[in-house]
Amino acid sequence: MTRTTGPVLALAPGTRTAPGTGANTGPGIGTFKHPYRQSCSCPACILHFQFADERVFAGLHSAGYAAWLDHVWPAAACTRPIRLRGDIRHIDTVTGELLRTIPTLGMPDGVIYKPCGNRRVTVCPGCAETYRRDAYHLIRAGLTGGKGITPAVGAHPAVFVTFTAPSFGPVHSRPVRQHTCADKTRCTCRPQPCHARRNPGRCPHGRHDACFTRHRPGDARLGQPLCPDCYDYAAHVVWNTSAGELWRRTKQAIERRLGQLARRRGVPPVLVPCGDGKTRLVDPVRVAHGKAAEYQARGAVHFHVLLRLDGYDHADPARLLPPPACLTAADLDEATRWAARAIAYRSPAHPDRPGGWLNAWGTEIDIRVITLQRAGDLTDLAVASYLAKYSTKGTEITGHASARITDQTIDLYAKPDGTHPERLISACWSIGAEPGYVSLRRWAHMLGFGGHFLTKARRYSLRFSDLREARISYRRGQDSGPAHGPIRTADHIDEETVLVVGAFTYAGTGWRTTGDALLANTAADQARKRRQAGCDQLADEYNSTATGCQAA
């Protein structure tokens, strides 16, 4: 029998026809003719040829590699999937009879793998990518229609607004007067001096109150206070925890301002009964929004908000109507700027601040009109991409990332005289000891902010659950595994409906072994790259066609 080298993980990725560097350097094993086609580019075949002998894996998993990969495929891209143990029961919906029971003990690994669903890209890149794609379709459907949303919303005035936090003390920054780079996330523009002063001095704590450095992108000092002892950490964390309420009041003010403009221009309000024989006046104007939160380097939350102007029918509130013709995107711009200046409120009283802290927006506010044409100021495609990208971020930009902080772990992350994130967490913990501020302790690991990172108005678009249900239905109509076959719904039209009930218990988190994680994640990564290559090819074909049409 011919002796060959055994399978060892390649040090570098392989090609379609050969393994990567360092592969197949293990001890000798018998010759084995692989059943898969070497010319095939599907992830399963690529993996089989990178790991030359399937029997090695089959020795660890009695079901065999192919069956195991089919079983774990729904969670293959997840970093730490949830393992569930129990039974799957099929019940006749007509008679209630239990048709059969499928225990997970008979499945590969004896469990079912479920993706963790974490939205943060630093925790689970695979699940975060799914969340980002869902967020993109959710946001764009509210701008252009589709997925159950009428295409008429594309004609509604819309703006993209960035609301920032106020100043709590000077921090190191990288001011650029005018960007000439194509991508601000990889900015190469020459910045202005950080905090230049004509007559620099020192703060009460003896530190310099000026900085003439032109900071480079990625500088560790960006976002750090010039003087940590002068910085108002208490106001900072209180603003973070109050930002959600401040946004709620701001949106109400925007709608009221637009209602006043409509009345002045001859659009009367509608008298609507509200119970107990009473009535109230309702303006035929509503503002629907999609909002993403993002941390600045200093640890303050700011909001990127898409605002769409709609009409309103009190008899059918869920119906999407065009706004009154007298209101335009310029009016939405003016109402937003007015609300950002006018709205402020005080937090509850605290022993350290009997009058509470004043919460208001910062002086920097950016508003741009959204268009559906590529030549516009800001396109719907760019806005949907921006918000979807922001929705997968967390506190990593501040230098802090942790799970929920408890009484047992607070000493690991909070120091009154420590780093900038440590001082913020310490402020959360000390202020959160008082009634009215208990949420600061619960969300200390998020620097006080406890809101969702992506939210929307109820009437703006479809829901995340709608997208998840559509994805589940699509997957159930396909073959399992990385090489999906055609939809098979038509094959089961004549079958009687069966209710599938799962009775599961928690069996653990994560893959059983590092090898399992490597195999599953590699297969999912190959599938993503294959899909991305197809998308890139379609994009190139579309751009070529569009260029040809313009030239003609």
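These numbers were taken from a predicted model, which means no experiment stands behind them.

Right, let's talk about the confidence of the model for the protein for a bit. Looking at the protein, the pLDDT average stands at 81 and 81% of residues meet or exceed 70. Low pLDDT, under 50, characterises residues 46-60; the stretch is placed with 40 contacts to residues that sit more than four places away or in other chains.

Here we take up unusual backbone geometry. A positive phi angle, near 70°, is found at Asp109, a position not held by glycine. Residue position: Asp109 is located in the loop between β4 (98-103) and β5 (112-114). In this model, Leu447 sits at a positive phi of 60°, which is unusual for a non-glycine residue. On the secondary structure map, Leu447 appears in the loop between α10 (439-442) and β15 (454-456).

Judged by side-chain polarity, Leu99, Val498 and Val500 come together as a nonpolar surface patch covering roughly 230 Å² of accessible area. Along the polypeptide, Val498 turns up in strand β16 (residues 498-509).

If you walk through the whole model with that rule in mind, you get 0 disulfides. Of all cysteine sulfurs in the structure, the one in Cys116 sits closest to Cys78, which takes part in no disulfide; the separation is 3.5 Å. Not part of a disulfide, Cys127 finds its nearest cysteine sulfur in Cys124, a span of 3.6 Å.

Glancing now at helix α3 (residues 65-72). Every buried residue of α3 is listed here: Tyr65, Trp68, Leu69, His71 and Val72. Angularly, the buried residues of α3 cover 160° about the axis, an arc narrow enough to put them on a single face.

Relative to the helices and strands, Ala76 resides in the loop between α3 and β3 (82-92). Ala76 sits in the buried class, given a relative accessible area of 2%. The contacts of Ala76, once residues within four sequence positions are left out, are Trp511, Ala520, Asn521 and Ala524.

Our focus in this paragraph is the packing of aromatic side chains. Applying the stated criterion across every chain, the model contains 15 aromatic pairs. With 5.0 Å between their ring centres and 15° between their planes, Tyr131 and Phe464 make a pair best called stacked. Taken together, the residues span a long stretch of sequence, with Tyr131 in helix α4 (residues 125-144) and Phe464 in helix α11 (residues 464-476) at a distance of 333 residues. On the basis of relative accessible area, Phe464 is assigned to the buried category, the value being 17%. Ring geometry for Phe160 and Tyr386: centres 6.2 Å apart, planes at 40°, overall tilted. Residue Phe160 is found in strand β6 (residues 158-163), and its partner Tyr386 is found in helix α7 (residues 380-390); the two are separated by 226 residues along the sequence. Residue classification places Tyr386 among the partly exposed positions, given a relative accessible area of 31%. Within the aromatic cluster, the residues linked to one another by ring pairs are Phe163, Trp239, Trp247, Tyr295, Phe303, Trp361, Phe449 and Phe453. The ring centre of Phe453 lies 3.9 Å from the NZ or CZ of Arg119, which sits over that ring. Stacked on the ring of Tyr345, the Lys or Arg Arg249 has its end atom at 4.3 Å from the ring centre.

Criteria and cut-off values
- Residues numbered from 1 in each chain as written.
- Predicted model: local features only at pLDDT ≥ 70, side-chain atom pairs only at ≥ 80, totals over all residues.
- Heavy atoms only, no water.
- pLDDT = per-residue confidence, 0-100.
- Contact = heavy atoms within 4.5 Å.
- Helix = DSSP H or I, 4+ residues; strand = E, 2+ residues; numbered from the N terminus.
- Patch = residues over 30% accessible without salt bridge, like charges linked within 9 Å, V, L, I, M, F, W, Y side chains within 5 Å.
- Areas by Shrake-Rupley, 256 points an atom, 1.4 Å probe, with all protein chains shown as cover.
- Salt bridge = Lys/Arg side-chain N within 4 Å of Asp/Glu carboxyl O.
- Disulfide = S-S within 2.5 Å.
- Buried < 20%, exposed > 50% of the residue type's maximum accessible area, 1.4 Å probe, protein only.
- Arc of directions from axis to C-beta.
- Phe/Tyr/Trp six-rings, centres within 6.5 Å; stacked < 30°, edge-to-face > 60°.
- Lys NZ or Arg CZ within 6 Å of the ring centre and 35° of its normal.

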